[in-house]
Amino acid sequence: MPKKLRIATLGIHHETNTFASNKTTMAEFERSGLQTYAVQRGQQYYDMHKSAQTSMAGFIQASEKHNFELVPLIFAATDPAGTISKEVFNTIGGEALEMLESQGPFDAILINQMGAAVSEEYPDMDGELARRVRTIVGPDVPVAMTLDLHANVSKLMAEVTDALVIYKTNPHIDAIPRAHDACDLVVRMATENWRPAKWLEQPPMVVGIFQHDTRDMPMKAVIDDLESVLRLPGIVGGSIGQGYPWSDVYENGLSCYVLHEDSIDKAKKAAQWIARRAWSNRKYLYKPVGPSPSEAVGYALTQAALKSKKPGPIVLLDVGDNIGAGSSGDSTFLLSEALKQNARSWLQTIRDPEAIDMCIKAGIGKSITVNIGGKADSLHGKPVELTGRITRMSDGRFEDGGTVHAGWRFFDAGTTVVIESNEGPTVALVTSRVGNMSREQFYSLGYRPEDFDIVVAKGVVSPRPAYQPIASEMVTVNTPGATSGDMSTFRYKHLRKSLYPLDLNAQYAHD
Ligand SMILES: [Zn+2]
């Protein structure tokens with residue numbers, strides 16, 4: 001009987017918004033809103049994912065399917081935020097690499113990354129981690145790296161790994177099948193002494209955040225093209241990196257990556273075909289459109305008043321305060337507009353530990369006047385004064401076993417307090433930045449978004465799996481903030497010299 005393969009997995013999962021004011025330090029890796037333990041080692045890494053829908057859940061399933069021994073080393077993930085400190089990379093990365101060395105040898109490695117991590121020292125932190133993994137295991141051990149669709153893929157990542165495997169859906173609901181793809185590839189590499197031929201093609205263009213939903217045109221066309229390529233004879237894998245617009249790094253932008261059985265030329269031809277077609281659609285793939293906060297609130301109030309309105313709340317997507325992309329979670333642009341326009345039936349979260357402290361001191365059931373939000377930085381509006389009754393206090397933990405963006409399950413928003421304001425809006429004040437990607441966030445507090453006319457979800461695509469099923473309409477609002485959809489509002493310094501749309505005359509050599 002052939003020897004059972006031993007395959008290690010490790011990862012430091014982070015989406016870094018280099019424009020965000022909140023740096024990602026060791027303290028951020030002590031707790032995470034996305035999972036109960038921000039850093040998981042060994043069996044804990046296994047246990048925290050087995051029943052989730054994450055990439056690791058897929059590795060676990062694949063280890064049963066292929067009968068390999070999956071060795072969980074370490075996995076660290078925390079909420080998207082600003083640049084990662086040098087200390088984080090040295091400490092957690094150092095521990096990961098030390099485990100890889102001391103617990104080896106392994107027959108293959110699965111690196112579980114997000115793909116848009118930027119540290120103080122390494123603008124391509126994912127590539128640097130993969131490079132160090134390769135140095136430890138040597139050239140002969142197959143290495144695959146799974147990535148989020150928002151990865152800013154680098155040449156280094158493609159060079160030092162044998163396969164990159166990226167989610168194909170946004171909202172991200174295919175982490176498990178993509179993890180299976182990665183495992184299928186490394187198992188074949190480890191048992192057949194084979195390596196795929198790979199090609200990374202990067203047309204000089206950015207996909208705008210408003211166009212990121214893979215279920216809608218024009219992004220759907222890019223994924224459809226990938227699917228056509230994946231059906232070609234000899235093609236054994238392929239991925240699109242949608243890119244993450246708020247990282248000021250050279251790799252920012254679209255990536256088209258193809259694996260062929262044995263021909264680099266054929267991998268290249270297929271990747272360039274996808275890239276050329278995306279390039280010809282670049283004007284449609286970047287459009288910062290959408291109503292302003294005042295237009296959106298006015299529209300939602302008019303719609304909510306209509307008798308003929310479909311059931312369910314109007315969900316306003318707060319693009320500029322996209323927590324899942326690294327913003328502060330305390331933007332008040334929409335809330336202040338709600339007060340101005342006298343919106344009564346309104347539900348949302350605001351991150352504000354200071355206001356929570358005041359509420360705790362006042363006590364549950366009591367009335368309070370408090371300034372909330374707009375405190376983290378100068379990008380997300382001014383604090384808003386609310387007067388109301390404190391109706392709930394909770395530890396902020398909630399669990400969602402349903403379909404959630406990227407498959408996260410065990411959430412932790414930290415101490416949470418709800419205020420039902422005299423002005424109208426009901427606001428859940430949260431301690432940590434948890435994206436509004438699960439309705440359980442409100443159910444766990446005793447509130448049903450279904451019972452409100454207007455609900456704010458801070459995000460663009462990640463809240464959709466949770467809110468689309470109950471919303472009468474989803475409105476993407478062009479709010480300012482650290483995750484504004486308008487790239488011209490940021491000062492980039494490290495991008496490729498000529499990149500569409502920052503350079504409208506950018507040229508693509510293989511056009
Ligand atoms: Zn993503």
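Residues numbered from 1 in each chain as written. Predicted model: local features only at pLDDT ≥ 70, side-chain atom pairs only at ≥ 80, totals over all residues. Heavy atoms only, no water.

Let's talk about the side chain of histidine 14
Note that histidine 14 resides in the loop between β1 (6-13) and β2 (39-41). Judged by relative accessible area, histidine 14 falls into the buried class, the value being 0%. At 2.8 Å, the side chain of histidine 14 forms a polar contact with the side chain of threonine 16. Apart from residues no more than four positions distant in its own chain, histidine 14 is found in contact with Thr24, Thr78, Asp79, Pro80, Ala81, Gly82, Ile84, Met114, Ala116 and Ala117. (Helix = DSSP H or I, 4+ residues; strand = E, 2+ residues; numbered from the N terminus. Buried < 20%, exposed > 50% of the residue type's maximum accessible area, 1.4 Å probe, protein only. Polar contact = N/O pair within 3.5 Å; in protein donor to acceptor, adjacent residues only side chain to side chain. Contact = heavy atoms within 4.5 Å.)

Observations concerning the packing of helix α3 (residues 86-103) against helix α4 (residues 125-137)
The geometry of α3 relative to α4 is characterised by a closest axis approach of 10 Å and an angle of 25° between their N-to-C directions. Compared by their axis directions, α3 and α4 come out roughly parallel. Note on packing geometry: the crossing formed by α3 with α4 is right-handed. Residues Phe89, Gly93, Leu97, Leu100 and Glu101 of α3 lie in contact with α4, whose contacting residues are Met125, Glu128, Leu129, Arg132, Val133, Ile136 and Val137. Its residues placed into classes, the contact of α3 with α4 shows eight nonpolar, one polar and three charged. (Axes fitted to C-alpha atoms, helices over the stretch in contact; angles between N-to-C directions. Parallel < 35°, antiparallel > 145°, perpendicular 65-115°, else oblique. Left-handed = near helix turned anticlockwise from the far one by under 90°. Nonpolar A, V, L, I, M, F, W, Y, C, P; charged D, E, K, R; others polar.)

Quick look at the sheet that holds strand β5 (residues 143-147)
In any sheet, the strands associate via hydrogen bonds between backbone groups, in a parallel or an antiparallel arrangement. An order of β2-β3-β1-β4-β5-β6 is seen for the six strands of this open sheet, with the pairing classed as mixed. Bordering the open sheet on either side are β2 and β6 (163-166), each of which pairs with just one other strand. On average, each strand axis in the sheet is inclined to that of its neighbour by 15°, with strand direction left out of account. Helix α1 (residues 43-50) contacts β1, β2, β3 (69-77) and β4 (108-112) of the sheet and is inclined by roughly 115° relative to β2. Most of the contacts of helix α2 (residues 55-66) go to β3, to which it runs at about 175°, and overall it touches β1, β3, β4 and β5. (Pairing = 2+ DSSP bridges.)

So, the environment of arginine 389
Tracing the sequence through the fold places arginine 389 in strand β13 (residues 384-394). Residue arginine 389 is classed as partly exposed on the basis of its relative accessible area, which comes to 42%. Arginine 389 sits 25 residues away from isoleucine 364 along the chain, and the two C-alpha atoms are 8.0 Å apart. Once residues within four sequence positions are removed from consideration, arginine 389 is found in contact with Gly365, Lys366, Ser367, Val418, Ile419 and Glu420.

Quick look at α1
Burial in α1 covers these residues: Tyr45, Tyr46, Met48 and His49. On the buried face of α1, the contacting elements are β1, β2, α2, β3, β4 and β15 (410-412).

Things to note about the pairing of strand β10 (residues 314-318)
Summarising burial for β10: five of the five residues are buried, a large majority. Two strands pair when backbone bridges link them, and β10 and strand β18 (residues 454-457) are joined in this way by four bridges, in the parallel orientation. Within the sheet, the bridge partner assigned to leucine 317 lies in β18 and is alanine 457. Bridge count between β10 and strand β19 (residues 473-477): five bridges; the pairing is parallel.

Things to note about the domain arrangement of the protein
What the domain assignment reports for the protein is domain 1 (1-195), domain 2 (196-288 + 487-511) and domain 3 (293-484). In this structure, domain 1 and domain 2 have C-alpha centres spaced 22 Å apart. Contact residues are listed per partner, giving 34 residues for domain 1 and 34 residues for domain 2. When the area that domain 1 buries against domain 2 is broken down by residue, the three leading residues are Phe19, Asn152 and Lys168, summing to 25%. One can count two salt bridges joining domain 1 with domain 2. A salt bridge links glutamate 227 to lysine 168; its shortest N-O distance comes to 3.2 Å. (Domains from an automatic or database assignment. Buried area = accessible area lost by both parts, 1.4 Å probe. Salt bridge = Lys/Arg side-chain N within 4 Å of Asp/Glu carboxyl O.)

A word on a nonpolar patch on the surface
Together, Ile360, Ile364 and Met393 make up an exposed nonpolar region whose accessible area comes to about 250 Å². Mapped onto the fold, isoleucine 360 is located in helix α12 (residues 353-362). (Patch = residues over 30% accessible without salt bridge, like charges linked within 9 Å, V, L, I, M, F, W, Y side chains within 5 Å. Areas by Shrake-Rupley, 256 points an atom, 1.4 Å probe, with all protein chains shown as cover.)

Structural notes on the packing of aromatic side chains
Given two aromatic rings, one states the distance between the centres and the angle between the planes to describe the pair. Tallied over the entire structure, the rule returns nine aromatic pairs. Residues phenylalanine 19 and tyrosine 492 carry aromatic rings whose centres are separated by 5.0 Å and whose planes lie at 85° to one another, so their mutual orientation is edge-to-face. In this pair, phenylalanine 19 is assigned in the loop between β1 and β2 and tyrosine 492 in the segment after β19, connecting sequence segments 473 residues apart. Accessibility assignment for this pair places phenylalanine 19 and tyrosine 492 in one class, buried. When the ring of phenylalanine 398 is compared with that of phenylalanine 411, the centres are 5.0 Å apart and the planes differ by 10°; the resulting orientation is stacked. With phenylalanine 398 in strand β14 (residues 397-399) and phenylalanine 411 in strand β15, the pair connects residues that are 13 residues apart, well separated along the chain. Of the aromatic side chains, those joined through ring pairs into one cluster are Phe19, Phe490 and Tyr492. The lysine or arginine in question, arginine 188, covers the ring of tryptophan 194, its NZ or CZ lying 3.6 Å from the ring centre. The lysine or arginine in question, arginine 282, covers the ring of tryptophan 279, its NZ or CZ lying 4.0 Å from the ring centre. (Phe/Tyr/Trp six-rings, centres within 6.5 Å; stacked < 30°, edge-to-face > 60°. Lys NZ or Arg CZ within 6 Å of the ring centre and 35° of its normal.)

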